[in-house]
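Fold and contact review
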Amino acid sequence: MIGLGTIVNTAAVIIGSILGLVLKFGIPERFKSTIMQAISLSVIFIGISGVLQGIFKVLNSGRIDRQYIMLMIFSLVIGGLAGEILKIEDFLDRLGERIKKAVSKVIKSENSTFTEGFVTASLVFCVGAMAIVGSLEDGLNRNFSILFAKSILDGVTSVIFSATLGIGVMFSSVAVLIYQGSITLLAGLIKPFLTDTVVLQMSMVGSVLIFAIGLNMLGVSKIKVGNLLPAIFVPAVYYAITCLI
């Protein structure tokens, strides 16, 4: 069944979020700040390790070339400009607020961290090589193993996130479904442009964004990660243009 990996991933986020919401009531308020800091540091570590893994792969392949770093910088700059034009961050915030209002009418409660939970979890779950490669494997080869593994990771993460950021994390499952589902359905069209090198470059850019998410969660910065999302796809566009030229 095409898309099974994404369906399982979406379900894992929902189930994990529900478990987190249940556990939330058993966590004293004074512990939540420390737990949030621990999560933030973990996200930062994941981002750093992703960039380092990309660099080590380049070194091991014998391609010690500045173009990888230059393309990463170029991707972030061009992607940031595109994101600012499209106002992706504002769109995500508005979407989160709309969902929050709709949910508050049903459950009769206000959650000050709803939008933060929705946006943060959506970015963490969607930014990364596993989401891209796993969705491609799902669409092309009916290979669900990568997304099944991602489902376990996202499920555990959603438990922790929802325990501190609330119900907004559960609604990030919609972003996972749309994002990964779209890649799966379009897999046949975009696969030729996603070589191992391109995926590596996209992964390195994604890891930088994950690092930025961690900094935002710690309150160290207010980087508009949403507006930088197009940067992930710049390496693929660059490769497609070079092929045409």
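Residue indices begin from 1 for each chain and proceed along its sequence in written order. Side-chain atom pairs in this predicted model are given and counted only at pLDDT of 80 or more, local residue features only at pLDDT of at least 70, and totals for whole chains, interfaces and linings cover all residues. Computation of side-chain values covers all heavy atoms of the structure but excludes hydrogens and water.

1. Considerations on the overall build of the protein
The helix count covers DSSP runs of H or I at least four residues long, the strand count covers runs of E at least two residues long, and both are numbered beginning at the N terminus. Summing up its helical and strand segments, the protein has 12 helices and zero strands in all. Helices (α) and strands (β) of the protein occur, in sequence order from the N terminus, as α-α-α-α-α-α-α-α-α-α-α-α. For 245 residues, the compact-globule estimate of 2.2 N^0.38 gives 18 Å, and the C-alpha radius of gyration of the protein, at 18 Å, lies within 12% of that figure. Across its three principal directions, the C-alpha atoms of the protein cover 55 × 40 × 35 Å. A total of 245 residues make up the protein; the buried ones form 48% of that total. Note on contacts: a residue pair is in contact if any heavy atoms of the two residues lie within 4.5 Å. Put simply, 83% of the contacts in the protein that link residues at least 6 apart link residues at least 24 apart. Carbon and sulfur atoms provide 71% of the accessible area of the protein, an area that totals close to 12700 Å². In the protein, the 18 positive side-chain charges and the 13 negative ones have mean positions that sit 4 Å from each other. Two things to know: the radius of gyration comes from C-alpha atoms, and the globule rule equals 2.2 Å times the number of residues to the power 0.38. Here's how the labels work: a residue is buried when its accessible area is under 20% of the maximum for its type, exposed when over 50%, partly exposed in between, all with a 1.4 Å probe on protein chains only. Per-residue accessibility takes into account occlusion by the displayed protein chains alone, with areas from the Shrake-Rupley method and a 1.4 Å probe. Positive residues here are Lys and Arg, negative ones are Asp and Glu, while His and the chain termini are left out of the count. Just so you know, the charge point we use is NZ for Lys, CZ for Arg, CG for Asp and CD for Glu.

2. Considering the nonpolar core
Nonpolar core, defined: a set of buried Ala, Val, Leu, Ile, Met, Phe, Trp, Tyr and Cys residues in which side-chain atoms within 4.5 Å join the residues together. Counting 48 residues, the largest nonpolar core has Ile132, Phe161 and Leu194 as its most contacted members. Top contributing element to this core by residue count: helix α10 (residues 196-218), with 11 residues. The residues contacting Phe161, other than those within four sequence positions of it, are Ile39, Val43, Thr120, Ala121, Val124, Gly166, Val169 and Met217.

3. Details of the packing of helix α3 (residues 67-86) against helix α12 (residues 234-244)
Each pair of packed helices can be described by the angle between their axes along with the distance between the axes. The contact between α3 and α12 brings their axes to 9 Å, and the two run at 105°. The pairing of α3 with α12 is recorded here as roughly perpendicular in orientation. Along its contact with α3, which presents Leu71, Phe74, Ser75, Ile78 and Gly79, the element α12 presents Val234, Pro235 and Tyr238. Classification used: nonpolar for Ala, Val, Leu, Ile, Met, Phe, Trp, Tyr, Cys and Pro, charged for Asp, Glu, Lys and Arg, polar for all others including Gly. Residues of the contact of α3 with α12, tallied by class, amount to six nonpolar, two polar and no charged. Helix axes are fitted only over the stretch in contact, all axes being lines through C-alpha atoms; the angle between N-to-C directions runs from 0 to 180 degrees. Throughout this description, any angle smaller than 35 degrees is read as roughly parallel, any larger than 145 degrees as roughly antiparallel, any in the 65 to 115 degree range as roughly perpendicular, and the remainder as oblique.

4. Digging into the UniProt feature "transmembrane region" (unreviewed entry) in the protein
UniProt positions are given in the numbering used here, feature names are shortened, and annotations may be inferred rather than shown by experiment. Per the UniProt record, the feature "transmembrane region" (unreviewed entry) sits at residues 7-27, 33-56, 68-86, 118-136, 156-179, 199-218 and 225-241. With 71% helix and 0% strand, residues 225-241 has end C-alpha atoms that lie 25 Å from one another.

5. Some thoughts on the pattern of salt bridges
Any carboxyl oxygen of Asp or Glu within 4 Å of a side-chain nitrogen of Lys or Arg constitutes a salt bridge here. Summed over all chains, the structure comprises one salt bridge. When the shortest N-O distance is used, the salt bridge between Lys150 and Asp154 registers 2.6 Å. In this pair, Lys150 and Asp154 both sit in helix α7 (residues 145-165), four residues apart, roughly one turn of the helix. Like Asp154, Lys150 is buried.

6. Focus on the packing of helix α5 (residues 114-126) against α7
Closest axis-to-axis distance for the α5/α7 pair is 11 Å, and the angle between their directions is 160°. Comparing the axis directions of α5 and α7 gives the class roughly antiparallel. Once α5 is placed against α7, the crossing between them reads as right-handed. For the pair α5 and α7, contact is made by Phe114, Glu116, Gly117, Thr120, Ala121, Val124 and Phe125 and by Lys150, Asp154, Thr157, Ser158, Phe161 and Leu165, respectively. Class assignment of the residues belonging to the contact of α5 with α7 gives a composition of six nonpolar, four polar and three charged. Less than a right angle of anticlockwise turn of the near helix away from the far helix marks a crossing as left-handed, whereas a clockwise turn marks it as right-handed.

7. Examining the side chain of Thr120
Here Thr120 is to be found in helix α5. Owing to a relative accessible area of 11%, Thr120 belongs among the buried residues under this scheme.

8. Considering the side chain of Ser135
The residue Ser135 is located in helix α6 (residues 129-141) in this model. Note on Ser135: relative accessible area 0%, which makes it buried. Residues in contact with Ser135, not counting those within four places in the same chain, are Thr6, Met130, Leu147, Gln180, Ile183 and Thr184.

9. Digging into the packing of aromatic side chains
Two rings from Phe, Tyr or Trp (for Trp, the six-membered ring) form a pair when their centres sit within 6.5 Å of each other. Planes less than 30 degrees apart are called stacked, planes more than 60 degrees apart edge-to-face, and all others tilted. One pass over the full model with this rule turns up four aromatic pairs. Where Phe114 meets Phe171, the ring centres are 5.7 Å apart and the plane angle is 45°; that geometry is what we call tilted. Of the two residues, Phe114 sits in helix α5 while Phe171 sits in the loop between α7 and α8 (172-185), which places them 57 residues apart along the sequence. Assessed through its relative accessible area of 1%, Phe114 is described here as buried.

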